[in-house]
Amino acid sequence: DPKGENSSFHGTHVAGTVGASTNNNLGVAGVTWNTRIMPLRVLGIEGGTDADVAQAIRYAVGLSNDSETVPERPANIINMSFGGPGFGQTVQDAVLDARAEGAILVAAAGNESTRLAYYPASLDGVISVSGVDLNLQKAAYSNFGSFVDVAAPGGDTRVDLNGDGFRDGILSTLGNDQGDFFYRFFHGTSMAAPHVAGVFALMLAVNPNLTPTDIDQLLAGTHPDTTVRITQDLGQTGRDDIYGHGLMDGAQARVAARYIPGGGGTPPSGSILAVSTSMLNFENFLDKLSFKITNAGIGTLQSSGITDNAPWLTLSQASGTAPFTVEATVDRSVLADGELTASIQVTSNATQG
């Protein structure tokens, strides 16, 4: 570090979102928790070059490269939480070569709030990820445009929209040049991209035969083997330049992966009730939490009743057509100290679930 600058540990933060150790009562939860991560550094304090990026891509998937070595096990997914305005044929060639090897490439759409092309996110064969805030609206910084494929949580550390006392960034792993490791909130499409890369890893865990073309078709909702959507539509109906094909849906993505040849599943014959979580933990400071009700099958799912059994708990709606979000609010003013529990029951016309 000849200039005496501090390292950002940006890659450490991104890696934690993908695969931090989970269910250990420590820190944060990774999107996937048994994934092997191959960290390849292409940028340093003084930046990097297209050649650096291209060589890392080639190495990651086991293609010939300047190091004259290849990894024992090639990467299935490449996350690129970096970028800039310049097109590079060298990187484009490496991307297409990696995709031909079966790798799925994901990149951050960029943080300039512009529709101008941003690379490598705008390259052919790369899945470009824009960022949304806590309200599932376009994050103020997120780039947009025809190159955006999908949206994911990017956070916004400038605001605290839910009033929980924490800035609305993405909390993940971080370090410093003194060798300390800890957790910090960052925001950006760099934080959104690993959410998507992590979901793709979960899909491959269900069905290792998934190809980049399968992923493209699933995002677009055009896969011939399933009608299950792996995104939730945001913004304008259908694909748009802000959210792409919509917000990445990890639960639905795993369901869809089962129905692609090799996934060991059979297509659903009717609607299937799916709830995004089985527990809402309000702890000591939260007053509002939400959960999503979706249809993991086919057809239309109508919920005719959403009820709770506690006078101190209020639900934002009592019925609806999936997918929709229900907000649960606790009135702490009527509660004594102690631990309280309640149950929420969802009634629907689903054929399963």
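Our subject is the structure listed above.
Notes on the structure in this doc start here. Model, not experiment: these values are computed from the prediction. (Residues numbered from 1 in each chain as written. Predicted model: local features only at pLDDT ≥ 70, side-chain atom pairs only at ≥ 80, totals over all residues. Heavy atoms only, no water.)

## A short note on the packing of helix α2 (residues 50-60) against helix α3 (residues 89-100)
- At a minimum axis distance of 8 Å, the contact between α2 and α3 shows a crossing angle of 10°. If you check the angle between α2 and α3, you find them roughly parallel. Contacts between α2 and α3 involve Asp 50, Val 53, Ala 54, Ile 57 and Arg 58 from the former and Thr 90, Val 91, Ala 94, Val 95, Asp 97 and Ala 98 from the latter.
- Here the contact of α2 with α3 is composed, by residue class, of 7 nonpolar, 1 polar and 3 charged. (Axes fitted to C-alpha atoms, helices over the stretch in contact; angles between N-to-C directions. Helix = DSSP H or I, 4+ residues; strand = E, 2+ residues; numbered from the N terminus. Parallel < 35°, antiparallel > 145°, perpendicular 65-115°, else oblique. Contact = heavy atoms within 4.5 Å. Nonpolar A, V, L, I, M, F, W, Y, C, P; charged D, E, K, R; others polar.)

## Points about α3
- For α3, with 12 residues, the first-to-last C-alpha span of 16 Å sits near the 16 Å given by 1.5 Å per residue.
- Restricting attention to buried positions, one finds in α3 the residues Val 91, Gln 92, Ala 94, Val 95 and Ala 98. Axial view of α3: buried residues confined to an arc of 165°, hence all on one face.
- Looking at the buried side of α3, the elements it contacts are α2, β2 (104-108) and β3 (126-132).
- Backbone geometry just after α3 places Gly 102 at a positive phi near 100°. (Expected span 1.5 Å × (residues − 1). Buried < 20%, exposed > 50% of the residue type's maximum accessible area, 1.4 Å probe, protein only. Arc of directions from axis to C-beta.)

## Here's the deal with the pattern of salt bridges
- Summed over all chains, the structure comprises 7 salt bridges.
- Close ionic contact of Asp 216 with Arg 99 constitutes a salt bridge, the shortest N to O distance being 2.5 Å. Separated by 117 residues along the polypeptide, Asp 216 in helix α5 (residues 212-220) and Arg 99 in helix α3 bring together distant segments of the chain.
- Of the residues examined, Asp 216 reaches a relative accessible area of 31% and is grouped as partly exposed.
- The closest approach of N and O atoms between Arg 115 and Asp 241, which form a salt bridge, is 3.4 Å. With Arg 115 in the loop between β2 and β3 and Asp 241 in the loop between β7 (231-232) and β8 (247-248), the pair connects residues that are 126 residues apart, well separated along the chain.
- Residue classification places Asp 241 among the partly exposed residues on the basis of a relative accessible area of 27%.
- Look at the salt bridges and you will find they share partners, linking Arg 115, Arg 239 and Asp 241 into a network. (Salt bridge = Lys/Arg side-chain N within 4 Å of Asp/Glu carboxyl O.)

These figures capture arrangement, not role.
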